[in-house]
Amino acid sequence: MSDARVERQQPANGAVLLVLVGLGIAFALLVALLAVAKTHSGPIYSEANMLYTALVLYTGAATLYMGYGVTGIERYVSGASLLTALGFLANTAAVAHRWSVAGRPPFSNMYEMLLSFVWTLALLTLIAERAYKVKIIGSITMPITVVSVILMQLLPSDVRPLVPALQSTWLQVHVTLAMLSYAACAVSFALAMMFLIQDNMKTESFQALTSAGMVAIYAAILVTRFRSGALGVTAYDLEAKSEVMVSRGHPLFIQIPELGWLYLLVLLSALVPLALFVAGKVKKDIAFFDLASKAMFVSILLQAVGLAIFVARVKNGQYGAPNADGLFTTALPANPFLLSGMVGGIVAGLLYLLLLWRREGLQRMMPPADVLDRVTYKIICIAFPLLTLMIAAGAYWANQAWGSYWSWDPKETWAAITWLVYAGYLHMRITRGWRGRRAAWFAILGFMVVIFTFFGVTYLLPGLHAYAAG
Amino acid sequence: MGLKSVWTKVYETLASVRTGIFLIIVVGLFSALGTVVLQRPTSEPEDMQRAYSPETLALLDRFGLTDIFHAWWFLLLLCLICVCLIVVSVDRWPNAWKVYAKPVRFAKTAFRLSLPQKVEIAVTDEAGALSVAEHVLDRFGFKVDRVTEDGASGLFAERQRFSVFALYLVHMSLLFIFAGYIIDGVVGYRGNINVAEGQALGQITLRDNRGGETKKMLPFLIRCDGAGEDTYADGSPKKWWSKLALIENGKEVASKTIVVNDPFVYKGIRIYQASMGQSGTPRTITFSATPAKAGVPEEVEVPLNGKALLSDGESLSVLRWIPDFYIQDNEIYKKSDDPENPAVQLGLTNAKGETKKLWILYSQMNSTKGQDAPYEFAIKSATWAKYTGLEVSHQPGQFGVWIGVVLMAFGLVIAFYTQHMRVWVAIAEDDKGGKLLWVGGTTNKNRDRFQTKFEQIKAALLEELGGAGVKSEQENDKTLTKA
């Protein structure tokens, strides 16, 4: 208890920076929210209103959880958990409403998947807090729910009938298993990261890891979307609520001028801390690491600005395409890859800052290293069978729908690679006794492959060749 | 190096986990490469030519990198994994079988020292203490046996012994899956066929990995008795269906209405609803009939395989339909299946049963003018028969795959959620000759769970025995934090 008291009296390091970053992020989120605010008509208990209620409650909860993460003040948690529980009720009502209207479980499009994902995440947070007393988890999961609900406001939410190929119980099973197994992989990733923190991996190493992640995100964006200073986005017909297609499977890319340069700048800003880290390692000079932290802070701010400008330009304006006449509109839902990449980069940066300033407090709040190591393994023991069954259900569905259970398409192949990585982890752990850091890195690698399977395969691989094909 | 040592070396290499991991990495890397480099079976040839320069493409083709998943060396890698799985299973089998079939049932002094979990409780009544221990272990879900060796008696208790086979189940399931996949690669086929309403066809088109096509006759004909598309209120497709009948040796042997996700299975051949469209074969053709002398012109709709009556009682039928014709040496031939330029032979039958044959050659003159008949006919319009696009596949190996999947599910559940716990009980003596109830145990995985269980057993024993002196040795404290 005396620890907690000391904790409370400790002034937050880098408070000014924290406030500045907080304001920057708040501004970006506000712009996003204002840009998407819908007028909610209809009955007060409509799904949109229930979701909006959940959003407000989750935002409150996320703020309190993050407040706890930063200050370590315990009494924030009870308020946060109450808000989460209330938001969860509203969220449940929204899920139930959709299920009853559609007459099937809500998994069939991006909106419905996010609806279910947010529900699951809130539930897991409550369970982790009540049953396992892991209070810190809410400061990671609740911001993710808030971002997800905001994203949902952008997506077409009408109940769409299912086209024939999707009318399959096996597809529902496949998607449910995919969400569960990927959620388990995400949790194992978070635990492995927490292990590295508890295992006293140096803060500058986390800084290098975070900026490497950011560099990867912006490099991926630029490789697929940069063209002579402009940024390619998918055209979206606002009235038909659908993407504009050039031909089957090939959406029309329109170009927002100058935005490409801005993102090149963001990429450079993310490269600077990485370069400084390498310089610090080579010259064995700690001064470089301090500089790197400052550069990191600048990069995060720049990313927030980049996101705000992106949202603003996507919402207002029409842009031309090199291979089509006329001007086209676009919309955020048509660009989930760009949006989630940018939001992901900012969230990763914020988590790093949290670590930078509150490492001691965080380490006190987290379970000990050996427990984290063991729980990571146990979670992967849950994720792996789910992953196996997910692939099997997908194969069975493919066999029912078009007569081939395995055709080596990129999504299938990467699902198999994910499976192989986790199989490798289990072999190393069980037969060669890999524990601790090596196992943690393996778990992190596994989740990277999951992310690539989920986003990279859909948006990155075709992008590679789309530009080659010109 | 002798032949025997070479053999031993190969065997050891194949049996090592290191080799397995190496193969997993290699297969993973090549699979990833196969999603980055455009693959011939899934890309248009033009796209590939645009994406790579001719030299690069030639090089990629040469090394099989444009069709990795069907390359012989990729299949060889998969087969090597199979061989490894078999060798590993054979190699580890004796040990697992020993644990399963011939377990150490009596804990001798030396054996006792090797156990990670153990406790000694001072007792006075040996036989009574053993019964108490038997009772307690039984309550904790163990199968308890009384054992004796050299006159000393003790207990052997275990639970979930089958857990030692989980590894074999998982590895065997992979073999089933690979075997099924290979069988399908060798004897399986997949092709497509378009059948118009009313037609019965049996020849499917197979596509090979190079984009070429070959034909194959099915052992039966597929007749389409109807096909259609149901739509939602907003016009998006709700359901595609085809009413199919299979004809074998001239007899209808089976029929079913198939929809997407619900194929027709007959003798291992599966027929899927893939697409739908309009065929070049008309269902009915409407002709204008203008009397040659006097009279009122009329229109008459003739079904392709039927006839229609004109107002004066003569009947009109379509004898031949050629969707796109050309003439060579005074004979009419079919040029294509597209109804671009049809030729129609009409039969006009009068009350006496005499039939007059007339031709309409659309591109020359859409009329029967000049052919001696009481009417002049011309094509006005046509309604078209639908065709159903079917995917036909024969994959006899898929049952191996599904068996493998089910086995793997069981195997993984056993591997991760069961554990073989063993507990031995014996009577020992302390330095002063006092009697001790010695209890020790071990497990094959998940040690912390076993430790918890062991602590509970210990607590229960102490409570029931009212143990005075407890000597607990837990060497495992250190190993556990590592675990």
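Conventions used here
- Residues numbered from 1 in each chain as written.
- Chains lettered and ligands numbered in written order.
- Predicted model: local features only at pLDDT ≥ 70, side-chain atom pairs only at ≥ 80, totals over all residues.
- Heavy atoms only, no water.
- Helix = DSSP H or I, 4+ residues; strand = E, 2+ residues; numbered from the N terminus.
- Contact = heavy atoms within 4.5 Å.
- pLDDT = per-residue confidence, 0-100.
- Expected span 1.5 Å × (residues − 1).
- Buried < 20%, exposed > 50% of the residue type's maximum accessible area, 1.4 Å probe, protein only.
- 1 Å grid on protein atoms, 1.4 Å probe; cavity = no way out; pocket = protein on both sides within 12 Å on 5 of 7 lines; lining within 4 Å.
- Points joined across faces, edges and corners; volume = space filled by probe spheres on them.
- Nonpolar A, V, L, I, M, F, W, Y, C, P; charged D, E, K, R; others polar.
- Pairing = 2+ DSSP bridges.
- Axes fitted to C-alpha atoms, helices over the stretch in contact; angles between N-to-C directions.
- Salt bridge = Lys/Arg side-chain N within 4 Å of Asp/Glu carboxyl O.
- Polar contact = N/O pair within 3.5 Å; in protein donor to acceptor, adjacent residues only side chain to side chain.
- Parallel < 35°, antiparallel > 145°, perpendicular 65-115°, else oblique.
- Phe/Tyr/Trp six-rings, centres within 6.5 Å; stacked < 30°, edge-to-face > 60°.
- Lys NZ or Arg CZ within 6 Å of the ring centre and 35° of its normal.
- Left-handed = near helix turned anticlockwise from the far one by under 90°.

Undergrad: Please explain the overall build of chain A as it appears in this structure.
TA: Helices and strands together make up the secondary structure of chain A, namely 14 helices and nine strands. Across chain A, the fraction of contacts at a sequence separation of at least 24, relative to all contacts at a separation of at least 6, is 78%.

Undergrad: For this particular structure, what's the right way to read the confidence of the model for chain B?
TA: If pLDDT is low for a region, its predicted coordinates should not be looked at in detail. All names here are of chain B. Of all residues in chain B, 96% have pLDDT values of 70 or greater, and the mean over the chain is 86. Ranking the elements of chain B by mean pLDDT puts helix α11 (residues 476-482) last, at 38, and helix α9 (residues 398-417) first, at 93. Across the assembled chains, the prediction reports ipTM 0.79 with pTM 0.81.

Undergrad: Please clarify how helix α2 (residues 17-36) of chain B should be interpreted in this entry.
TA: Here α2 of chain B spans 29 Å end to end across 20 residues, near enough to the 28 Å set by a 1.5 Å rise per residue. Turning to α2 of chain B, its buried residues are V17, T19, I21, L23, I24, V26, V27, G28, S31, A32, G34 and T35 of chain B.

Undergrad: What's the story with unusual backbone geometry in this structure? I'm lost.
TA: For residues other than glycine, phi is negative in most cases, and the peptide bonds are mostly trans. The phi angle at W408 of chain A is positive, at roughly 55°, despite the residue not being glycine. With respect to the helices and strands, the residue W408 of chain A is situated in the loop between α12 (369-402) and α13 (410-431). By relative accessible area, which is 13% here, W408 of chain A ends up buried. Positive phi is not limited to glycine here, since K267 of chain B has a value of about 50°. Assessed through its relative accessible area of 60%, K267 of chain B is described here as exposed.

Undergrad: Would you mind going over empty space enclosed by the protein with me for this structure?
TA: To find leftover empty space, one rolls a probe the size of a water molecule over the atoms. All names here are of chain A. Within this structure, the stated rule accounts for three cavities of 30 Å³ or more. Volume-wise, the second largest cavity comes out at about 40 Å³. What lines the second largest cavity is A192, F195, D373, T376, Y425, R429, A439 and A440. The set of elements that each furnish at least two residues to the lining of the second largest cavity consists of α7 (169-198), α12, α13 and α14 (436-469). Looking at the lining of the second largest cavity, its residues break down into five nonpolar, one polar and two charged.

Undergrad: Can you walk me through the pairing of strand β15 (residues 331-336) of chain B in this structure?
TA: Look at any regular strand and the pattern is simple: side chains alternate between the two faces of the sheet. Residue and element names in this part refer to chain B. As paired elements, strand β14 (residues 324-328) and β15 share five bridges and run antiparallel to each other. Bridge pairing in β15 links F325 to K334. What sits between β14 and β15 in their antiparallel hairpin is a turn of two residues, with D329 showing a positive phi close to 50°.

Undergrad: Explanation requested: the sheet that holds strand β2 (residues 230-234) of chain A in the structure shown.
TA: Neighbouring strands of a sheet are bound in pairs by backbone hydrogen bonds; such pairs are parallel or else antiparallel. All names here are of chain A. Overall, antiparallel pairing links the three strands, which are arranged β1-β2-β7 in an open sheet. Only two strands of the sheet have a single partner each, and these edge strands are β1 (226-227) and β7 (253-256). Across four bridges, β2 lies against β7 in antiparallel orientation. Bridging from a neighbouring strand, L231 pairs with I256 of β7. Where helix α8 (residues 203-225) meets the sheet, its contacts fall on β1, β2 and β7, and the angle it forms with β2 comes to roughly 85°.

Undergrad: I'm lost on the interface of chain A and chain B in this one. Help?
TA: Interface size is commonly expressed as the accessible surface area that is lost when the partners come together. The interface is formed by 49 residues belonging to chain A together with 54 residues belonging to chain B. Viewed at the interface, chain B and chain A are joined by two salt bridges. Its salt-bridge partner being D448 of chain B, residue R374 of chain A comes within 3.0 Å of it at the nearest N-O pair. On the surface where chain A and chain B come into contact, there are twelve residue pairs in polar contact (both at pLDDT 80 or more). Of all the elements, α12 of chain A adds the most residues to the side of chain A that touches chain B, at 17 residues. When its residues are assigned to classes, the side of chain A that touches chain B shows 31 nonpolar, twelve polar and six charged.

Undergrad: When you look at the pattern of salt bridges in this model, what are you seeing that I'm missing?
TA: A pair can form between side chains of opposite charge whenever their charged atoms are brought close. Across all of its chains, the model carries 26 salt bridges over all chains by this definition. The salt bridge involving E464 of chain B is made with R139 of chain B; its shortest N-O contact spans 2.9 Å. Of this pair, E464 of chain B sits in helix α10 (residues 447-465) while R139 of chain B is found in helix α7 (residues 126-139), placing the two residues 325 residues apart along the sequence. Given a relative accessible area of 36%, E464 of chain B falls into the partly exposed group. Beyond isolated ion pairs, a larger network of salt bridges with shared partners links R374 and K378 of chain A together with D448 of chain B.

Undergrad: Can you walk me through the confidence of the model for chain A in this structure?
TA: Residues and elements named next belong to chain A. Of the residues in chain A, 87% have a pLDDT of 70 or more, and the chain-wide mean is 82. Confidence drops under pLDDT 50 across residues 1-13; counting only partners more than four residues distant or on other chains, this segment forms eleven contacts. Low confidence marks residues 466-470, where pLDDT is under 50. Its contacts with residues over four positions away, or in another chain, come to seven contacts.

Undergrad: Explain the packing of helix α3 (residues 47-71) of chain A against helix α11 (residues 336-365) of chain A here, please?
TA: For any two helices packed against each other, one specifies the inter-axial angle together with the distance between the axes. Residues and elements named next belong to chain A. The interhelical angle for the contact between α3 and α11, taken along N-to-C directions, is 85°, at an axis separation of 7 Å. Taken together, the axis directions place α3 and α11 in an arrangement best described as roughly perpendicular. Facing Y68, G69, V70 and T71 of α3, the residues of α11 in contact are L354, R358, L362 and M365. Per-class residue counts for the contact of α3 with α11 are five nonpolar, two polar and one charged.

Undergrad: What is the right way to look at the packing of aromatic side chains in this model?
TA: Each aromatic ring pair is specified by the distance between its two centres and by the angle formed by the two planes. Inspection of every chain in the model, using the stated rule, returns 34 aromatic pairs over all chains. Judged by centre distance (4.8 Å) and plane angle (75°), the ring pair of F111 of chain B and W424 of chain B falls under edge-to-face. Here F111 of chain B is found in helix α6 (residues 109-114), whereas its partner W424 of chain B is found in strand β19 (residues 421-429), with 313 residues between them in sequence. Using a relative accessible area of 0% as the deciding quantity, one classes W424 of chain B as buried. Of the aromatic side chains, those joined through ring pairs into one cluster are W406 and W408 of chain A together with F69, F74 and Y181 of chain B. Just above the ring of W438 of chain B sits the side chain of R112 of chain B; from NZ or CZ to the centre is 5.3 Å. We note K216 of chain B situated over the ring of Y189 of chain B; from NZ or CZ to the ring centre the distance is 4.6 Å.

Undergrad: It is not clear to me how the packing of α3 of chain A against helix α4 (residues 75-102) of chain A should be interpreted in this structure. Could you clarify?
TA: Residues and elements named next belong to chain A. Relative orientation of the contacting elements α3 and α4 amounts to 155°, with a least axis distance of 8 Å. What the angle tells us is that α3 and α4 run roughly antiparallel. In this structure, α3 crosses over α4, and the sense of that crossing is left-handed.

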